[in-house]
Amino acid sequence: MPDGKKYDRILDALQQLLEDRTIQNISVSDIAKKAGIGKGSIYYYFSSKEAILDELIKRNYEQPLKTAKNLAVQTEISPFIRMAMILQACRNSSAAFLNQSNTASAAGANAQDTAFLHLKYMNHLISELKPSLTEIIRQGIASGDIHFEYPAALAEIVLIVLAVKLNNTFLSATAEDSEETIRGLVVLLENGTGIPHGTLNYLNLPTIDP
């Protein structure tokens, strides 16, 4: 039976190594040494260094994403409030990720390395939040509060725009440019789905600087 403590030690080791080294300069042997276990033991839990990184990203953002998923079943709460809470979870996890990746950048991570981390983060964030946001939008459609034919597509569009713009690293845009894009998204949502004007104003908060 897998040892949960040893599993966490492996993730902790990679987290610590990322504080002052780039991904490319970290090997499975380095992780094993940092964790205080044999290299062979690593492969009992993970197939590769990338698999360890995937699980580390999942662990780091597990709580906000879990909170977001729980909101999908709380139908007694307005769909707009639940959408707001889920999208705020997106904002919070973006901030948490940026804090961690900034440490790696300060340690000398190159642009390719940083982009790789951000891509994996955004893929995880969007794939995990999309089902919950889709269900809430679907419930809003059923109740007549939202008018749109493609709830899953709408959820994905919103999450992609927010994930890219909130971390503000993939595109060479100023904070003002990113804020304008989000304001445009809000207008599109209000005009295209019948969401009451002002409901999504919380999205107009200043974007997070990398």
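Since the model is a prediction, treat every value here as computed from it, not as a measurement.

J.: It is not clear to me how the overall build of the protein chain should be interpreted in this structure. Could you clarify?
T.: Each helix and strand counted, the protein chain has nine helices and zero strands in total. Ordered by position from the N terminus, the helices and strands of the protein chain form the series α-α-α-α-α-α-α-α-α. Here the protein chain holds 210 residues, and 43% of them are scored as buried. Taking as baseline every contact in the protein chain between residues at least 6 positions apart, the subset at least 24 positions apart corresponds to 70%. Entry remark: accessible area of the protein chain is about 10500 Å², with carbon and sulfur atoms responsible for 54%.

J.: What is the right way to look at the environment of isoleucine 146 in this model?
T.: With respect to the secondary-structure elements, isoleucine 146 resides in the loop between α7 (111-142) and α8 (151-167). Spatially, the C-alpha atom of isoleucine 146 lies 5.9 Å from that of isoleucine 195, the residues being 49 residues apart in sequence.

J.: Mind showing me how you'd approach the side chain of lysine 120 here?
T.: Along the chain, the position of lysine 120 falls in helix α7. Separated by 2.5 Å, the side chains of lysine 120 and aspartate 54 make a polar contact.

J.: Would you mind going over the side chain of arginine 82 with me for this structure?
T.: Along the chain, arginine 82 falls in helix α6 (residues 79-106). The buried charged residue arginine 82 lacks any salt bridge partner; its closest oppositely charged side chain belongs to glutamate 135, at an N-O distance of 7.0 Å. Other than its neighbours up to four places away in sequence, arginine 82 contacts Leu71, Ala72, Gln74, Thr75, Ile77, Ile136 and Gln139.

J.: How do you make sense of the packing of aromatic side chains when you look at a structure like this?
T.: How two aromatic rings sit relative to each other is given by the distance of their centres and the angle of their planes. If you walk through the whole model with that rule in mind, you get four aromatic pairs. Measuring from centroid to centroid gives 6.2 Å for phenylalanine 148 and tyrosine 150, while their planes differ by 80°, and the two rings are edge-to-face. Judged by its relative accessible area of 29%, phenylalanine 148 is partly exposed. Linked through ring pairs, Tyr7, Tyr44, Tyr45 and Phe46 together constitute an aromatic cluster.

J.: Looking at this model, I keep getting lost on the nonpolar core. Mind explaining?
T.: Nonpolar side chains tend toward joint burial in soluble globular proteins. Grouped together as the largest cluster of nonpolar side chains are 54 residues, with contacts concentrated most on Ile31 and Leu133. Sort the elements by how many residues they give to this core and α7 lands first, with nine residues. The residues contacting leucine 133, other than those within four sequence positions of it, are Met83, Ile86, Leu87, Ala155, Val158 and Leu159.

J.: Teacher, can you tell me more about the packing of helix α1 (residues 4-17) against helix α2 (residues 28-35) here?
T.: For any two helices packed against each other, one specifies the crossing angle of their axes together with the interaxial distance. For the pair α1 and α2, the least separation of the axes is 8 Å and the interaxial angle reads 110°. Taken together, the axis directions place α1 and α2 in an arrangement best described as roughly perpendicular. The element α1 and its partner α2 pack so that their crossing is right-handed. Of α2, the residues touching α1 (which contributes Arg9, Ile10, Ala13, Leu14, Gln16 and Leu17) are Asp30, Ile31, Lys34 and Ala35. Looking at side-chain class alone, the contact of α1 with α2 contains six nonpolar, one polar and three charged residues.

Basis of the calculations
- Residues numbered from 1 in each chain as written.
- Predicted model: local features only at pLDDT ≥ 70, side-chain atom pairs only at ≥ 80, totals over all residues.
- Heavy atoms only, no water.
- Helix = DSSP H or I, 4+ residues; strand = E, 2+ residues; numbered from the N terminus.
- Buried < 20%, exposed > 50% of the residue type's maximum accessible area, 1.4 Å probe, protein only.
- Contact = heavy atoms within 4.5 Å.
- Areas by Shrake-Rupley, 256 points an atom, 1.4 Å probe, with all protein chains shown as cover.
- Polar contact = N/O pair within 3.5 Å; in protein donor to acceptor, adjacent residues only side chain to side chain.
- Lys, Arg positive; Asp, Glu negative; His and termini not counted.
- Salt bridge = Lys/Arg side-chain N within 4 Å of Asp/Glu carboxyl O.
- Phe/Tyr/Trp six-rings, centres within 6.5 Å; stacked < 30°, edge-to-face > 60°.
- Core = buried A, V, L, I, M, F, W, Y, C linked by side-chain atoms within 4.5 Å.
- Axes fitted to C-alpha atoms, helices over the stretch in contact; angles between N-to-C directions.
- Parallel < 35°, antiparallel > 145°, perpendicular 65-115°, else oblique.
- Left-handed = near helix turned anticlockwise from the far one by under 90°.
- Nonpolar A, V, L, I, M, F, W, Y, C, P; charged D, E, K, R; others polar.

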